[in-house]
Amino acid sequence: MSGSLCLILHAHLPFVRHPEHATFFEETWLFEAITETYLPLLESFERLDRDGIRYRIALSVSPTLLAMLDDDLLKQRYEFHLEGRIRFASTECDRTRLLPTYRALARRALESLEHARSLWREQFAGDLVRALRDLGARGNVELFTTAATHGYLPLMLGRRSSWRAQVRVGVDEFRRHFGSRPAGFWLPECAYQPGVDEVLAECGVRWFVVDAHGLLFATPRPRSGPYAPIVTPAGVAAFGRDPESSRQVWSAVDGYPGDPAYRDFHEDVGYALPWDYVGPHLHVQGSLDRAPTGIKYHRVTGGRGRKEPYDPKRADEKTAEHAAHFVESRRVQAAWLAERLGHEPVIVAPYDAELFGHWWHEGPAWLEQVIRLAAPPKQNDVRRLGSDPVSRMRTPTDVLDEGTHLQRAVPAASSWGEGGYHALWADESNHWIHPRLHEAAQHMEGLARRHPRAPGRSWLRRALDQAARELLLAQASDWAFILHVRTVPAYAASRVRDHLDAFFEIAEAIRRGRLDDPDVRECIAVRESRTPLFPAPTFDYRVFQPDRTVRSPTVRARTGASPITVKAKTGRIL
Amino acid sequence: MADTSKRRRTRADLVREARRLGLSVRANATAATIEKQIADARRRATRANARRPASRRKASEKKPAANPKQHRTSRGRRETDDSPPPLPIVKPAIEVPAPTTQAPSSRSFTAPTAGRNSRATRPSHPSVTIVPRSPDWLFAYFRNANGGPTVLRVHDATVHDVDVPDGAIHAFVPVTPDTSGVRVEMGVRERSGEFTAIARSNPVDTPPTRATTTVDPQWPIDPRAEEVHARALRALGGASSRMESEVSLPTSPAPPFPGASKRLNVGAGSPTESGRAVPSTEGGAGQRARDFFLEVGTDLIVHGATVPGSTVTIRGERVMLRTDGTFSIRMALPDGVHDFEVRATSPDGIETRVVDLRVTRELRARKGR
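Residues numbered from 1 in each chain as written. Chains lettered and ligands numbered in written order. Predicted model: local features only at pLDDT ≥ 70, side-chain atom pairs only at ≥ 80, totals over all residues. Heavy atoms only, no water.

1. Considering the overall build of chain A
Inference 1: Of regular secondary structure, chain A possesses 20 helices and ten strands.
Inference 2: Considering only contacts within chain A whose residues lie at least 6 apart along the sequence, 79% involve residues at least 24 apart. (Helix = DSSP H or I, 4+ residues; strand = E, 2+ residues; numbered from the N terminus. Contact = heavy atoms within 4.5 Å.)

2. A short note on the overall build of chain B
Inference 1: A count of helices and strands for chain B gives six helices and 13 strands.
Inference 2: With 369 residues in all, chain B has 46% of them scored as buried.
Inference 3: In chain B, of all internal contacts separated by at least 6 residues, the share reaching a separation of at least 24 is 53%. (Buried < 20%, exposed > 50% of the residue type's maximum accessible area, 1.4 Å probe, protein only.)

3. A look at the pattern of salt bridges
Residues and elements named next belong to chain A.
Inference 1: What the rule picks out here adds up to 60 salt bridges over all chains.
Inference 2: Between Glu-198 and Arg-160 there is a salt bridge, with its nearest N and O atoms 2.7 Å apart. Separated by 38 residues along the polypeptide, Glu-198 in helix α7 (residues 196–202) and Arg-160 in helix α6 (residues 160–178) bring together distant segments of the chain.
Inference 3: Since its relative accessible area comes to 9%, Arg-160 is described here as buried. (Salt bridge = Lys/Arg side-chain N within 4 Å of Asp/Glu carboxyl O.)

4. Remarks on helix α16 (residues 477–485) of chain A
Residues and elements named next belong to chain A.
Inference 1: The element α16 is largely enclosed, with a buried count of eight among its nine residues.
Inference 2: All of the buried residues in α16 are Ser-477, Asp-478, Trp-479, Ala-480, Phe-481, Ile-482, Leu-483 and His-484.
Inference 3: Phi turns positive one or two residues past the end of α16, at Arg-486, with a value near 60°.

5. Thoughts on the sheet that holds strand β6 (residues 183–189) of chain B
Residues and elements named next belong to chain B.
Inference 1: If you walk across this open sheet you meet the four strands as β4-β3-β6-β7, and the pairing is antiparallel. Since the sheet does not close on itself, it has two edges, and those belong to β4 (159–164) and β7 (195–200), each with one partner. Taking the axes of each pair of neighbouring strands and ignoring which way they run, one obtains an average angle of 35° across the sheet. (Pairing = 2+ DSSP bridges. Axes fitted to C-alpha atoms, helices over the stretch in contact; angles between N-to-C directions.)

6. With respect to the side chain of Arg469(A)
Residues and elements named next belong to chain A.
Inference 1: Tracing the sequence through the fold places Arg-469 in helix α15 (residues 459–474).
Inference 2: No salt bridge is formed by the buried Arg-469; its nearest oppositely charged neighbour, Asp-465, is found at 4.6 Å.
Inference 3: Within polar-contact distance, the side chain of Arg-469 engages the backbone oxygen of Leu-533 at 3.2 Å.
Inference 4: Residues in contact with Arg-469, not counting those within four places in the same chain, are Glu-528, Thr-531, Leu-533, Phe-534, Pro-535, Ala-536 and Phe-539. (Lys, Arg positive; Asp, Glu negative; His and termini not counted. Polar contact = N/O pair within 3.5 Å; in protein donor to acceptor, adjacent residues only side chain to side chain.)

7. Describing the sheet that holds strand β5 (residues 170–174) of chain B
By definition, the strands of a sheet pair up through backbone hydrogen bonds, in either a parallel or an antiparallel sense.
Inference 1: With respect to topology, three strands assemble into an open sheet ordered β1-β2-β5 (chain B), the strand pairing being antiparallel. Looking at strand neighbours, the two that pair on one side only are β1 (127–134) and β5 of chain B, the edges of this open sheet. Looking at each pair of strands side by side, their axes are set apart by 25° on average, direction ignored.
Inference 2: Against the sheet, helix α14 (residues 433–450) of chain A contacts β1 and β2 (137–143) of chain B, and its axis sits at roughly 65° relative to β2(B).

8. Quick notes on the nonpolar core
All names here are of chain A.
Inference 1: By size, the foremost hydrophobic cluster in this structure holds 184 residues, and its most contacted members are Leu-7 and Phe-45.
Inference 2: The residues contacting Leu-7, other than those within four sequence positions of it, are Ile-57, Ala-58, Phe-326, Ala-349, Tyr-351, Leu-367, Val-370, Ile-371, Met-393 and Arg-394.
Inference 3: Judged by nonpolar contacts, the second largest core, of 22 residues, contains Ala-147, Phe-185, Cys-203 and Ala-238. (Core = buried A, V, L, I, M, F, W, Y, C linked by side-chain atoms within 4.5 Å.)

9. A word on the packing of aromatic side chains
Inference 1: Counted by the stated rule, this structure contains 30 aromatic pairs over all chains.
Inference 2: Judged by centre distance (4.6 Å) and plane angle (65°), the ring pair of Tyr78(A) and Trp120(A) falls under edge-to-face. Residue Tyr78(A) is located in helix α3 (residues 72–95), and its partner Trp120(A) is located in helix α4 (residues 100–123); the two are separated by 42 residues in the primary sequence. Taken individually, Tyr78(A) and Trp120(A) each receive the classification buried, so the pair is uniform in this respect.
Inference 3: Taken together, the ring pairs in this structure connect Trp186(A), Trp250(A), Tyr256(A), Tyr262(A), Phe326(A), Tyr351(A), Phe356(A), Trp360(A), Trp366(A) and Trp416(A) into an aromatic cluster.
Inference 4: Sitting over the face of the ring of Phe340(B), Arg315(B) holds its NZ or CZ atom 5.4 Å from the ring centroid. (Phe/Tyr/Trp six-rings, centres within 6.5 Å; stacked < 30°, edge-to-face > 60°. Lys NZ or Arg CZ within 6 Å of the ring centre and 35° of its normal.)

10. Examining the side chain of Ser161(A)
All names here are of chain A.
Inference 1: Here Ser-161 lies in helix α6.
Inference 2: A relative accessible area of 1% places Ser-161 in the buried class.
Inference 3: Within polar-contact distance, the side chain of Ser-161 engages the side chain of Glu-445 at 2.6 Å.

11. Notes on the pairing of β2(B)
Regular strands have side chains that alternate between both faces of the sheet.
All names here are of chain B.
Inference 1: In terms of burial, β2 is largely enclosed, as six of its seven residues are buried.
Inference 2: Judged from the seven bridges that link them, β1 and β2 form a sheet pairing that is antiparallel. Bridge assignment links Thr-129 to a residue of β2, and that residue is Tyr-141.
Inference 3: Where β1 hands over to β2, the hairpin turn is made up of two residues, counted between the paired strands.
Inference 4: Where β2 lies against β5, five bridges are found, and the strand directions are antiparallel. Along β5, the bridge assignment pairs Trp-137 with Pro-174.

12. With respect to unusual backbone geometry
Inference 1: The peptide bond linking Thr219(A) to Pro220(A) adopts the cis configuration, its omega dihedral lying at -10°.
Inference 2: Among the structural elements, Pro220(A) can be located in the loop between α8 (212–216) and β6 (230–231).
Inference 3: The backbone of Glu189(A) shows a phi angle near 60°, a positive value even though the residue is not glycine.
Inference 4: Relative to the elements of secondary structure, Glu189(A) occurs in the loop between β4 (184–186) and α7.
Inference 5: With a relative accessible area of 9%, Glu189(A) lands in the buried category.
Inference 6: With phi around 50°, Arg315(B) is a residue other than glycine that occupies positive phi space.
Inference 7: As for its position among the elements, Arg315(B) is in the loop between β9 (311–314) and β10 (317–319).

13. Some details on the pairing of strand β2 (residues 57–61) of chain A
All names here are of chain A.
Inference 1: Counted residue by residue, β2 has five buried out of five residues, so it is predominantly covered.
Inference 2: Taking every second residue as pointing to the same face, both faces of β2 are buried, with Ile-57, Leu-59 and Val-61 on one and Ala-58 and Ser-60 on the other.
Inference 3: Bridging between strand β1 (residues 4–11) and β2 involves four bridges; their strand directions are parallel. Following the sheet pairing, Ala-11 is matched in β2 by Val-61.
Inference 4: Inspection of the sheet shows β2 paired to strand β3 (residues 141–146) by four bridges, in the parallel sense. Looking at β3, one finds that Ser-60 is bridged to Phe-144.

14. Re the environment of Glu317(B)
All names here are of chain B.
Inference 1: Note that Glu-317 resides in strand β10.
Inference 2: Judged by its relative accessible area of 26%, Glu-317 falls in the partly exposed class.
Inference 3: In sequence terms Glu-317 and Val-342 are 25 residues apart; their C-alpha atoms lie 9.4 Å from each other.

15. Section: the confidence of the model for chain A
Low-pLDDT portions of the prediction should not be read for the details of their coordinates.
All names here are of chain A.
Inference 1: Taken over all residues, the pLDDT of chain A has a mean of 90, while the share at 70 or more is 91%.
Inference 2: Within the model, pLDDT remains below 50 along residues 380–390, and this stretch shows 16 contacts once partners closer than five positions in the same chain are excluded.
Inference 3: Confidence drops under pLDDT 50 across residues 548–574; counting only partners more than four residues distant or on other chains, this segment forms 66 contacts. (pLDDT = per-residue confidence, 0-100.)

16. What to know about the packing of α14(A) against helix α17 (residues 489–511) of chain A
Residue and element names in this part refer to chain A.
Inference 1: Taken N-terminus to C-terminus, the directions of α14 and α17 make an angle of 30°; their axes are 11 Å apart at the nearest point. The orientation of α14 with respect to α17, classified from their angle, is roughly parallel. Handedness of the crossing formed by α14 with α17: left-handed. Of the residues in α17, those touching α14 at Ile-433, Arg-436, Leu-437, Glu-439, Ala-440, His-443, Met-444 and Leu-447 are Val-496, Arg-497, Leu-500, Asp-501, Phe-503, Phe-504, Ala-507 and Ile-510.
Inference 2: Grouping the constituent residues of the contact of α14 with α17 by class yields eleven nonpolar, one polar and four charged. (Parallel < 35°, antiparallel > 145°, perpendicular 65-115°, else oblique. Left-handed = near helix turned anticlockwise from the far one by under 90°. Nonpolar A, V, L, I, M, F, W, Y, C, P; charged D, E, K, R; others polar.)

17. What to know about the packing of α15(A) against α17(A)
Residues and elements named next belong to chain A.
Inference 1: The interhelical angle for the contact between α15 and α17, taken along N-to-C directions, is 155°, at an axis separation of 8 Å. Viewed along their axes, α15 and α17 adopt a mutual orientation that is roughly antiparallel. Classified by chirality, the crossing of α17 by α15 is left-handed. Across the interface between the two elements, Leu-460, Ala-463, Leu-464, Gln-466, Ala-467, Glu-470, Leu-471, Leu-473 and Ala-474 of α15 pack against Arg-495, Val-496, His-499, Leu-500, Ala-502, Phe-503, Ile-506 and Ile-510 of α17.
Inference 2: For the contact of α15 with α17, a count of residues per class yields 13 nonpolar, two polar and two charged.

18. Overview of the confidence of the model for chain B
Residues and elements named next belong to chain B.
Inference 1: Per-residue confidence for chain B averages 68 on the pLDDT scale, and 56% of its residues sit at or above 70.
Inference 2: Here helix α5 (residues 106–109) stands out as the least confident element of chain B, with mean pLDDT 27; strand β13 (residues 352–361) is the most confident, with 96.
Inference 3: Segment residues 1–7: pLDDT under 50, and 13 contacts once partners within four positions in sequence are set aside and those in other chains are kept.
Inference 4: Throughout residues 239–288 the model reports pLDDT below 50, and contacts reaching past four residues in sequence, or to other chains, amount to 158 contacts.

See the structure below:
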């Protein structure tokens, strides 16, 4: 008896682009992710395709990440960044000349950076969006999408216009970049609230993923728990995340990445070497803050003592061991589940793509080996893992295409964040953003209602589109998250403020009919140039038009409460 | 509805009354207008009260303090109270949101900056909005035109009140999990104890913390399938083997990529420790029984000058020469005796000069006094 293994990767970064500064620390998130995650993953997939492995994996790429990968300024800055890293790595090779172990590691770092440069320049010609499109076209990787700016849907007061904008723009951007409709939709942070599925259905989405308790606590109780998709009343399939495979990879305590043999993410020389030496190589000129350089010489080691130098050979062995362990665990798990459920279980294992390579240095190698072990072998090939069939790799779309009869149920509100619900994104550190986001969303709905047909390329249309863009950018779940983890809270707060201020200023200009004013026009043009994502013909502010039900006068009845509270809906669909 | 006064009230009385109810009063409003405003507010509150089942109303209004949630709210985290809560109160998912209805810090009630055109700066109706942040906590924010003392009356499975201090604009409010149509009314409590609502929130559904008992007869759950559910719940809750009656949810957050700094627990490093042993500090003194530590590193810089265009090697490795003929290399210096042969060959290759350099580094760690 076998089961389906649905490996899902979710690639996302918030939109960070600051042409107004020569260098900008937060832009390095993208650069590091390209070097450490996106290029290695793309290379792995190419290698698998070349070797004729028939695997299946689903990969969602967020619209903000696509916009950044498609942006000429950021591409140019990435090259500049990569050159700087290469320069630093070669300096490190010189500096460690009396320390053979470290010198070998420095050389390894230098080689891998030079390899990244050749991948970027020669193999992909700086166009990772096209690389992704080609990847999807080769048929082993199914691309899918997520919310426009990764907005946290359950904290939007059940406002359909905001949900629809986040979902619709995510779907439209996918079509613009890849030329087809996405079958799946990654709910940002796996965060679900009943009602979201209706909007997904409206936008033609076939499936989404919730955390395990989203299905375990669904109504009625799904027979197979998280191990079979269910169908919501709106007609969209919901898959449940398997907690066991998640733990094996995610957990900081007993997950693979914490193994003593693996490279320690935290041990970056940028934090330890003398400032006069390392400072000039850090990204932001003039800043006195230390920052990671990407060069890390130590392994996790374990315990509190001195960290041991990284041993690539030992790490490779561990990687192979962990890949085999993962696949074998799935095989055993699938057999155990199948025996009890009486059908082939569907084991859904979704991960943030950036875990592989950025956080977990050996991650891309591990993933490639997992795929090689789990993918159905070529004909007449000898099975690599005993005589039992391993789990079959499928994407959720494949599972649905098989036409299995699905149980009807409503998933429970949930997320994959700490605690399992929405608390992390609405706590002491970040709650203040929500009232203002709600207010702006309500305003936007009003604007879209009052201007149902702004003529294309008119200033009114440009202003409305830009207002919608600013609101979407402010809604990104990343800002609340950063405020919570306190890594760069000032930056996150400034982004929310900046987008909302711009939104309200544009809204005010529209309301007062000041769009003829050259100053206002210039302001809008500047904002457009700073946020070159979601271009106009595809993007349309009217995604924010409210539901007909919300527009009906009975709902607007004056009960004394604020318009927000009157118009908000619970989104309950049972 | 308590009638505060039978006598004819002056305008000042009415203004006071209206403010107490959280109504904004225009400077030029006449006594009659204000009276009408007050009457309207009371009518709204009566309507809101009437929508509640009488049994609930009674229970909560007789002994509002007996409600365990309110008790907890007003006392903080129950550190002095040993009696178990009669309601299945689930621990807050994270420790941060100590209910802010007690002793609010000025920080927590002041949004970092108000948007320039934010509605919050304009006079408006009192309002209260709620968002379910977890099964047992709501995030509520509200606008009470005159700031006065406010009570939030929570209508979930029960009805309970949460006192909000003056000037507060938000609160984390305890609530019953898995309840649909939860609402919060913002109001004031009369001297008589009567509650008058001045605004009513949107309805929300709080998420469940356990599996429902509703089973689709076409999809029956036999004991074998129950084993699957139990195992999944165990895996979700970590090592805990608690069943669905008391589920604790996962501790596996999405690792925070955007915080591209070293504060993440992937890789099992301590989030607060900075980079330790790097080549430069090899041999440092550092048993880390406590957080205090000392690490000492040495780098060696060898520099010099020769005729521009010459070739310079140190220990046989070629060194970059600047156009003015100067050179400088920096290297991490470990313990031991190190011999460096610095060799320069003239641009025409005819002449060679050699300098031998010996550097000894010896590092000993010892206990200080």
